[in-house]
Amino acid sequence: MPPRQRPRPKDRKESIALVAARLFCARGYHNVGIEDIAREVGITGPAIYRHYPTKQDVLAAAVRELGLRFAACVESGAQGDAPADRLRAVLRALVRYGLEWRTVARLYQWEGRHLDAERQAALAVPFDRAVRTLRGLLLDVRPGLSRRDAALLVAAALSVIVSPATHRAALPRAKAERTLLDCVDALLAVDLPAPPAEPPPRRPPDRFALLPAASGCSPRRCGCSTSTATTR
């Protein structure tokens, strides 16, 4: 009796990309081969090449898929009426994204450097657009913020949202969502200090300040050389 063949899913190409994303994040791009991806998907290595000519194409597809999902979270939540409600809906959607895709949420950050510059720029577009939308939502809620401060707070909030990718702490899903949302809410409410009017002047380091005080010698007072003071 011939072996039973696994039914071919309609989203095989997407499945390959997401399985590869998990392997790339877990092992590193250069430590994952096409055969490794095929084994996890349940197909042969040559079958991968029917969908993607190279491993870099697989990485690019994985980054693109995750970028589109990230952007969809922002777009789906930004349709409410009140600014605070829109911002809250987007943050909740992003927190759920970060938890659902915690093993691959930082694929672009960790492994995107293995893509050529042209692909990196193209794949960053949905991320950048979504971040600008999120920054605009924050400015709608806090119109007194400068664009600089809004950008900084949004970047920090996104770091919190995808932070589950860097640890394996086990919390009930509802508690994890609530904890992350509380952290993000507190962060986005922060009042940042005003930047200095002009940067302070840079002074050359005082080499005498590096000398051990236990020597009891101050080269500035007694005139001894640095080498003498340090060898006492």
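Here we take up the overall build of the chain. Counting its secondary structure elements, the chain contains eleven helices and zero strands. Element order for the chain, N to C, with α for helix and β for strand: α-α-α-α-α-α-α-α-α-α-α. Across the 232 residues that make up the chain, the buried fraction comes to 42%. Pairs at least 24 apart in sequence give 66% of the contacts found in the chain among residues at least 6 apart.

The full count for this structure, using the stated rule, is twelve salt bridges. Arg22 serves as the salt-bridge partner of Glu40, at 3.2 Å between the closest nitrogen and oxygen. Taken together, the residues Glu40 in helix 2 (residues 34-41) and Arg22 in helix 1 (residues 12-27) connect sequence positions 18 residues apart. Under the relative-accessibility criterion, Arg22 is labelled partly exposed at 35%. Between Arg173 and Glu177 there is a salt bridge, and its shortest N-O distance comes to 3.2 Å. Residue Arg173 and its partner Glu177 are located together in helix 9 (residues 173-188), separated by four residues, close to a single helical turn.

With that settled, consider the layout of surface pockets. Each pocket or cavity is described by its volume, and for the largest pocket that value is around 440 Å³. Every residue lining the largest pocket is counted, 17 residues in all, and those nearest its centre are Phe70, Gln109, Phe127, Leu158 and Val162. At the level of elements, helix 4 (55-77), helix 6 (107-111), helix 7 (117-141) and helix 8 (147-161) are the ones that each hand at least two residues to the lining of the largest pocket. Sorting elements by how many residues they give to the lining of the largest pocket places helix 7 first, with four residues. When its residues are assigned to classes, the lining of the largest pocket shows 13 nonpolar, two polar and two charged. Of the volumes computed, that of the second largest pocket is approximately 200 Å³. In this structure, the second largest pocket is lined by Leu99, Arg102, Ser163, Pro164, His167, Ala169, Leu171, Pro172, Arg173, Ala176, Thr179 and Leu180. When the residues that make up the lining of the second largest pocket are grouped by side-chain class, the tally is seven nonpolar, three polar and two charged.

The next subject is the confidence of the model for the chain. Mean pLDDT over the chain works out to 85, with 81% of the residues at or above the 70 mark. Counting contacts from residues 1-8, a segment whose pLDDT is below 50, to residues more than four positions away or on other chains yields four contacts. Below pLDDT 50 for its whole length, residues 225-232 participates in eleven contacts with residues either more than four positions away or in separate chains.

With that settled, the discussion passes to helix 2. Here helix 2 has its buried residues at Ile34, Asp36, Ile37, Ala38 and Val41. Along its buried surface, helix 2 packs onto helix 1, helix 3 (45-48) and helix 4. Positive phi shows up at Gly42, right after helix 2, with a value of about 95°.

With that out of the way, let us pick up the nonpolar core. The tendency in soluble globular proteins is for nonpolar side chains to be buried side by side. Ranked by internal contacts, the top residues of the largest apolar core, which has 65 residues, are Phe24, Ile37, Val58, Leu94 and Leu107. Elements that contribute at least two residues to this core include exactly helix 1, helix 2, helix 3, helix 4, helix 5 (83-100), helix 7, helix 8 and helix 9. Excluding anything up to four places from it in sequence, Leu94 contacts Phe70, Cys73, Val74, Leu134, Leu158 and Ile161.

Another point: the packing of aromatic side chains. Going through the model one piece at a time under the given rule, you end up with four aromatic pairs. Measuring from ring centre to ring centre gives 5.2 Å for Phe24 and Tyr29, while their planes differ by 50°; the resulting arrangement is tilted. Each member of the pair Phe24 and Tyr29 is classed as buried. On the numbers, 5.7 Å between centres and 25° between planes, the contact of Tyr108 with Phe127 is stacked. Here the residue Tyr108 occupies a position in helix 6, and Phe127 occupies one in helix 7, the gap between them amounting to 19 residues. Using a relative accessible area of 17% as the deciding quantity, one classes Phe127 as buried. Linked through ring pairs, Phe70, Tyr97, Tyr108 and Phe127 together constitute an aromatic cluster. Its end group placed over the ring of Tyr29, Lys55 keeps NZ or CZ at 4.2 Å from the ring centre.

Procedures and definitions
Residues numbered from 1 in each chain as written. Predicted model: local features only at pLDDT ≥ 70, side-chain atom pairs only at ≥ 80, totals over all residues. Heavy atoms only, no water. Helix = DSSP H or I, 4+ residues; strand = E, 2+ residues; numbered from the N terminus. Buried < 20%, exposed > 50% of the residue type's maximum accessible area, 1.4 Å probe, protein only. Contact = heavy atoms within 4.5 Å. Salt bridge = Lys/Arg side-chain N within 4 Å of Asp/Glu carboxyl O. 1 Å grid on protein atoms, 1.4 Å probe; cavity = no way out; pocket = protein on both sides within 12 Å on 5 of 7 lines; lining within 4 Å. Points joined across faces, edges and corners; volume = space filled by probe spheres on them. Nonpolar A, V, L, I, M, F, W, Y, C, P; charged D, E, K, R; others polar. pLDDT = per-residue confidence, 0-100. Core = buried A, V, L, I, M, F, W, Y, C linked by side-chain atoms within 4.5 Å. Phe/Tyr/Trp six-rings, centres within 6.5 Å; stacked < 30°, edge-to-face > 60°. Lys NZ or Arg CZ within 6 Å of the ring centre and 35° of its normal.

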